[in-house]
Amino acid sequence: MAKTNGGIVVFVCNWIPAIGADNAANVEATYPPTTTVLSVACTGRLTPGILLSAFEAGAEGVLVVGCAPEECHYVSGSLRCGDVIEETRELLSLVGIEPGLLGFELLSDVDGGAFAETVSRFAAEVDKVRQQIAGERA
Amino acid sequence: MPLLASAGHSARAFLIDPRVAGMVCKGVIPSYGSSRDLYTLLRSAGDRVSTHPRIGIFLCECGGEISNRIDLGKIAERVRSLTGVADLATQPFWCSPGGLAELGRRVTDGSLERVVVAGCSPRSHGNLLRDALGQVGLNRNFVQIVNLREHCARVHPDQTEAATEKAHRLLKVGLAAARQAERIETIEADVNPEVAVVGGGVAGTTAALSLARREVTVHLIEQAPTLGGYLNHLAKLYPRHADAGEFVRARVQQIQKSDPITVHLNSRVTEIRGHTGAFEIVMEQGAEQKSIAAGAVIVATGAEEPAPEGRGERTLSLTDLESRLRTGDVLPARIVFVLSAEGPTPGNPASVAVIAQAALECAGAIRERHGEVALTVLFRDFPAGAKEAVQALAAGGVRFVRYSPERPPVVSNLGVEVEAFGNGKRESIEADLVVQATGLAPSGGTRRLGEGPLLWQDEDGFLLEPHLRLRSEEVLDRGVFVAGTAHGPADIPTSMAQAFGAAAAALALIRTGKIVKHALVAEVVEDLCRGCGRCEEVCPFGAAELVLRENGVKKSQVDRVLCVGCGFCASECISGAIRLPFLTDRQLRSMVTAAALEG
Amino acid sequence: MSIETTVQETKAYYCLECGVCTASCPISRLNPGYSPRLFVERALLEAPARVLEAEDLWACLTCGTCSQRCPSQVDYPEFMRSTRRIAHEAGRAAVATHGGVLEMLVKLQAKNLPQRRTAWVPRDVRTRDTGDVLYFVGCLPHFQVVFRDLEVDSLGTARAALRLLNRVGIEPVVSPDERCCGHDAYWTGEMETFETLARLNVEAIRAAGAKRVVFSCPEGYHTVREIYPRVVGDLPFEPIHLLELLLEEIEKGALELNELAAKVTFQDPCRLGRMLGLYELPRQVLAKIPGLELVEMPRNRENALCCGSSEWVHCSVCNKEIQIDRLREARATGTDILVTACPKCRIHLTCALRDRDLEDPPKLRDLVELVAESAGGEAHG
């Protein structure tokens, strides 16, 4: 499969992850420039429709970063999102997209390094999966 | 036909069925499904469907921080010609006074309808920019802030080409957002200057008096025939052995003398409804139901000691014993206290501490008034501050035996079997009366109010205030505060401290006089609402509610003051009838499309 | 493509303004503000832009009850579809239900990715990689996930279908590369997506070597049989409905059905009934089940009330009321089982049952599953 020019879409909620993303800059942490961060109030607002639309638009991978359940400002958002992620992964699998290309991480700390690490790790995972698929097709 | 003409239709519209025209004139539009009258639809369609607004793009060099790592000139070239871009300019600091003035001027002179500022994080100058542009009449949601600094320049250093590509992409996302953005208004709601305090115990009376000192009108609501709450069951109060009865009498006097406080006795609160600044407290007074309006509510409905297993002549709770002390009953010769805190909140440190304090006071009272009673106290732990009290009582003849929580004492017909902590020595202590102190559980009132949508319960049933987790300046205090043991096991000083805190918060709220917030809230499109109620089920804040309309149809309704804009309702709604105007699905989708592809 | 051409092709200019369409329309019954007749009139008189902006454009169920009765034979569903296509090209979109997940799944299937959709096939069922007969599964594996909270076993139909085919000696191909037939994309005006899906499906069927393609879904059947030829030309296979095949086998004696005593009523699917004229086919199959008594609802066959599904767009309280109306009508026949023959009917009626506590609601059963139960043994699984 030819390399797409799809990037990685990172959904963050407005709280710990968004602050972490800003803090990443302050601690000189880095992560791949192929990522784009989109902010919503709470990850509980995300639906399978929204997540799938990122893949439909050409994204290589989608990462959702939320707050740890006990930190969620809206009580149950991270838990809701967890269910949404599971359902979306099942659907991705059915239509031939590797479910590991949808990532879900919850942070308890606004540390910038933690955020950058999370994104970088996911980007590396996406690369690995893509190579695996390309290898299988070859 | 002037009416149709004024609706802006072509002459051909005159041929249309007068029945429909009549519906437009009368404004009668039944709320079933796709009920919008065709003509009303035409008028309103323009608001929602994307037109081509004039967009201004303003790139910020950030004093070199951004421009040194991203080729802003290249980006300018690429975005200048995109659809809708009516103006593009670059400056070292848009946030400077000069920059802000220039922004305003460009918006006004260029009749710009949307603005995208690409610079630092929205957390830094977002409000500054939005306020400045608000001055020239631009709605705050028509201003998109693209973060080229924290999200690009600073985190992708030494990668000018890649960073520039990304910056270009971020700008496209901002443009997509700007094109689909909807106007966000400001919500204003009056705040009722009166406060309701539910519960007339330690916390409730403390809060009421604190507010009354500031001349706030307070409604103090108590379900029993008298004030005092749990204190009415206690004999002596820790740590200074104050007499509970005296304490309550003094309190009641203070309250009676206080003009701003209206006391409602024999009044059982069944429901708290409404939103911040406008609550309705529904109460039962005998067979009657009555409502009180208030701008803030303090819930101080307390806790109670649950009855121990096998409660009867030989087994009592600590509270039961205290009541006997108050009434001056004769006590049996041999009493054993079992302080377990194994009850409703097992091992809860606050519970352990409170039980311990109460037990010590009780033991002291027994020593004082019934010196002949043989008293043994079996305990798990005492809080550090109690050491002296324990030593004093021990010196006075009270026997203390510590046990391990893994092997709790066993009550039998003869007394109590206990295994001592440390040496494991087993002993059977004879007792005529065993007092089981297991902890504190939420009272009936606390439980009842906890089931309503405005308050949350922890796993033990004690109350939490929702606003504790919401720190944004956009979100207000919820207006319902909790104080005292309704929060969890607490001693009197703690309850009073909480009450002062709650009173201060309530005061701050009602002094604002008016609630003003940006409508970053959910909105119901009634025509699509099927009345299934899923939104009501998922809303953590009690803001979404199903209401029965006059025509017998159920529709969802969102209280804009209570709504915090989390979006759970919108994500749950099958019909797409609830939407978030400040970030619609459609807007998000177009942003996602712009973000998905590199370059 | 313009509204003008649409009007011509659908003969909308023959409209007599008699209003039979509006009187027949299930949506109009509940919403006096919605009128097919007026919509046609507006298309004839008003500026196209205004017609395209109307939200009512997306509320139509495309059930065809109006066209069925129109004295001028105006093809109203086609008129809607064509107008929607123009609206779509002009950037308009309906409010999708379920957060747009169904729409996204369809679009994702239109990308040229190998699908992974056959894990549901039970181990004991015999299928082949290539063969004469292919069983078209359609969207069932996706519905199974999306509507899990409704507890609808959409794949139940497919499992029963495979077992029945095995029972009559057929080992069908279940293609790993089959995709959604594109019905919803077609009816909401997304022609690019539809055409891509059509081509991919025909290719997958060709690769399987199938000469006959068996459908249990009326929408899939109608779409492939009637619409695909417009996109891909003559089909290199024969589409056939499972019920047609089963009826043949039953009459041949190759499929024996056992006693299944029950009183049932039947929901005619719009695509099988009004759009294909196949009213008697499901009834003939039901009649073959010994002990089964069919009691018709007053509105049956060409007068059957649509289940209120609408290509996963614009679902409002109207749709819900239509479903409740139908469920009540079913119960009023005195039967306690409502038999459906379409996955969408099944899902939508189940949803309505969930949301409204009907006193004494009917039970829903799928026709294919009923036949499988009656066939018993391995057919019942």
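Quick caveat, the model's predicted, so the values are computed rather than measured.

A. Looking closely at the overall build of chain C. Looking only at helices and strands, chain C has 18 helices and seven strands in total. Over its C-alpha trace chain C gives a radius of gyration of 20 Å, about what one expects of a compact globule, namely 21 Å for 381 residues. Its C-alpha atoms give chain C principal-axis dimensions of roughly 60 × 50 × 35 Å. In chain C, which comprises 381 residues, the share counted as buried stands at 65%. In chain C, 80% of the contacts between residues at least 6 apart in sequence involve partners at least 24 apart. Summed over its atoms, the accessible surface of chain C is roughly 13800 Å², and 46% of this surface lies on carbon and sulfur atoms. Distance between charge centroids for chain C: 2 Å, based on 46 positive and 54 negative side chains.

B. Local environment of the domain arrangement of chain B. By the assigned domains, chain B splits into domain 1 (50-185), domain 2 (195-304 + 442-516) and domain 3 (315-439). Taking only C-alpha atoms, the centre of domain 1 of chain B and the centre of domain 3 of chain B are 70 Å apart.

C. View of a nonpolar patch on the surface. Residues and elements named next belong to chain C. On the surface, a cluster of nonpolar side chains totalling about 310 Å² of accessible area is made up of Y13, Y14 and L44. Within the element layout of this structure, Y13 appears in the loop between α1 (3-9) and α2 (20-24). Overall, Y13 belongs to the partly exposed group, its relative accessible area being 44%.

D. How the structure looks around the interface of chain A and chain B. Each side of the interface is counted separately: chain A has 49 residues, and chain B has 43 residues. Each partner contributes to the roughly 3700 Å² buried at the junction of chain A and chain B, and carbon and sulfur atoms together form 59% of this total. Joining chain A to chain B, the criterion identifies three salt bridges. One salt bridge connects R123 of chain B with D22 of chain A, and the closest N-O pair in it is separated by 3.6 Å. Taken together, the connections running from chain A to chain B amount to 17 residue pairs in polar contact (both at pLDDT 80 or more). Of all the secondary structure elements, the ones that give two or more residues to the side of chain A that touches chain B are β1 (8-13), α1 (16-26), β2 (35-40), α2 (48-56) and α3 (77-94) of chain A. Per element, the largest residue contribution to the side of chain A that touches chain B is seven residues, and it comes from α1 of chain A. Of the residues assigned to the side of chain A that touches chain B, the class counts are 26 nonpolar, 18 polar and five charged.

E. Inspection of the pairing of strand β12 (residues 278-285) of chain B at higher detail. Residues and elements named next belong to chain B. Strand direction decides the pairing type here: strand β11 (residues 268-275) and β12, joined by seven bridges, are antiparallel. What sits directly across from R268, in β12, is E284. The antiparallel pairing of β11 with β12 creates a hairpin that spans two residues between the two strands, and G277 there sits at a positive phi of about 90°. As defined by bridge partners, β12 adjoins strand β13 (residues 288-294) across seven bridges and the pair is classed as antiparallel. Within β13, the residue paired with V282 across the bridge is S291.

F. View of the confidence of the model for chain C. Looking at chain C as a whole, the pLDDT averages 93, with 99% of positions reaching at least 70. Predicted as a complex, the structure gets a pTM of 0.86 and an ipTM equal to 0.95.

G. Structural context of the pattern of salt bridges. On inspection of all chains with the given rule, the structure shows 65 salt bridges over all chains. Across the salt bridge formed by E78 of chain C and R81 of chain C, the nearest N and O atoms sit 2.8 Å from each other. Placement of both E78 of chain C and R81 of chain C in helix α7 (residues 76-89) is noted, with a separation of three residues, approximately one turn of the helix. The residues E78 of chain C and R81 of chain C share a single accessibility class, namely buried. Residues R299 of chain C and E329 of chain C are paired through a salt bridge, measuring 2.8 Å at the closest nitrogen-oxygen approach. With R299 of chain C in the loop between β5 (292-294) and α16 (317-332) and E329 of chain C in helix α16, this residue pair connects regions lying 30 residues apart in the sequence. Under the relative-accessibility criterion, R299 of chain C is labelled partly exposed at 23%. Owing to a relative accessible area of 8%, E329 of chain C belongs among the buried residues under this scheme. Each of the salt bridges in this network shares a partner with another, and the network as a whole consists of D87, E102, R105, R106 and D109 of chain B.

H. Focus on the packing of aromatic side chains. Inspection of every chain in the model, using the stated rule, returns 19 aromatic pairs over all chains. Geometrically, the ring pair formed by W456 of chain B and F541 of chain B is tilted, given 5.3 Å between the ring centres and 55° between the ring planes. With W456 of chain B in strand β25 (residues 456-457) and F541 of chain B in the loop between α16 (534-538) and β30 (544-548), this pair connects stretches of sequence that are 85 residues apart. Note on accessibility: W456 of chain B and F541 of chain B belong to one class, buried. The interplanar angle of 65° and the centroid separation of 5.8 Å between the aromatic rings of F194 of chain C and Y228 of chain C together place this pair among those described as edge-to-face. Of this pair, F194 of chain C sits in helix α12 (residues 191-208) while Y228 of chain C is found in helix α13 (residues 218-232), placing the two residues 34 residues apart along the sequence. One exposure class covers both F194 of chain C and Y228 of chain C, and it is buried. What links up through ring pairs into an aromatic cluster is the set W15 and Y74 of chain A together with W456 and F541 of chain B. The ring of W187 of chain C has R271 of chain C sitting right over it, with the charged end atom 4.9 Å from the ring centre.

I. Representation of the sheet that holds strand β2 (residues 212-215) of chain C in the model. Residues and elements named next belong to chain C. Pairing is parallel in the open sheet, where three strands are placed in the order β1-β2-β3. Each edge of the sheet is formed by a strand with only one pairing partner; in this case those strands are β1 (133-136) and β3 (238-241). When strand polarity is set aside, the average angle formed by the axes of neighbouring strands in this sheet is 30°. Two strands pair when backbone bridges link them, and β1 and β2 are joined in this way by four bridges, in the parallel orientation.

J. Region of the structure containing the sheet that holds strand β1 (residues 55-60) of chain B. Residues and elements named next belong to chain B. Taken together, four strands build an open sheet; the order of strands is β2-β1-β3-β4 and the sheet is parallel. Only two strands of the sheet have a single neighbouring strand rather than two, namely β2 (85-91) and β4 (143-147). Each neighbouring strand pair of the sheet contributes to a mean axis angle of 15°, computed without reference to strand direction. For strand β3 (residues 114-119) and β4, the ladder comprises five bridges, and the chain directions are parallel. In the strand pairing of β4, V115 is matched with V143. Each of β1 and β2 is contacted by helix α4 (residues 72-80), which is oriented at about 175° to β2, the strand it contacts most. Contacts from helix α8 (residues 160-180) reach β1, β2, β3 and β4 within the one sheet, and its direction differs from that of β4 by about 165°.

K. Representation of the packing of α8 of chain B against helix α18 (residues 585-596) of chain B. Residues and elements named next belong to chain B. Their axes nearest at 8 Å, the elements α8 and α18 cross at an angle of 160°. Relative to α18, α8 is oriented roughly antiparallel. Every pair of crossing elements has a handedness; the one defined by α8 and α18 is right-handed. On α18, the residues that touch R169, K172, V173, A176, A177 and Q180 of α8 are R586, Q587, S590, M591, A594 and A595.

L. Local environment of the nonpolar core. Core analysis: the biggest nonpolar cluster contains 203 residues, and F11, L51, Y74 and F115 of chain A together with Y135 of chain C have the highest contact counts within it. Here the element with the most residues in this core is helix α4 (residues 112-137) of chain A; it accounts for eight residues. Taken domain by domain, the makeup of this core includes at least three residues from each of domain 1 (50-185) and domain 2 (195-304 + 442-516) of chain B. The contacts of Y135 of chain C, once residues within four sequence positions are left out, are L140, T157, A158, A161, L162, L165, P172, V173, V174, E178, V214 and S216 of chain C. L57, Y76, C270 and I322 of chain C belong to the second-largest nonpolar core, a separate cluster that totals 32 residues.

So, how was this worked out
Residues numbered from 1 in each chain as written. Chains lettered and ligands numbered in written order. Predicted model: local features only at pLDDT ≥ 70, side-chain atom pairs only at ≥ 80, totals over all residues. Heavy atoms only, no water. Helix = DSSP H or I, 4+ residues; strand = E, 2+ residues; numbered from the N terminus. Rg over C-alpha atoms; globule rule 2.2 N^0.38 Å. Buried < 20%, exposed > 50% of the residue type's maximum accessible area, 1.4 Å probe, protein only. Contact = heavy atoms within 4.5 Å. Areas by Shrake-Rupley, 256 points an atom, 1.4 Å probe, with all protein chains shown as cover. Lys, Arg positive; Asp, Glu negative; His and termini not counted. Charge placed at Lys NZ, Arg CZ, Asp CG, Glu CD. Domains from an automatic or database assignment. Patch = residues over 30% accessible without salt bridge, like charges linked within 9 Å, V, L, I, M, F, W, Y side chains within 5 Å. Salt bridge = Lys/Arg side-chain N within 4 Å of Asp/Glu carboxyl O. Buried area = accessible area lost by both parts, 1.4 Å probe. Polar contact = N/O pair within 3.5 Å; in protein donor to acceptor, adjacent residues only side chain to side chain. Nonpolar A, V, L, I, M, F, W, Y, C, P; charged D, E, K, R; others polar. Pairing = 2+ DSSP bridges. pLDDT = per-residue confidence, 0-100. Phe/Tyr/Trp six-rings, centres within 6.5 Å; stacked < 30°, edge-to-face > 60°. Lys NZ or Arg CZ within 6 Å of the ring centre and 35° of its normal. Axes fitted to C-alpha atoms, helices over the stretch in contact; angles between N-to-C directions. Parallel < 35°, antiparallel > 145°, perpendicular 65-115°, else oblique. Left-handed = near helix turned anticlockwise from the far one by under 90°. Core = buried A, V, L, I, M, F, W, Y, C linked by side-chain atoms within 4.5 Å.

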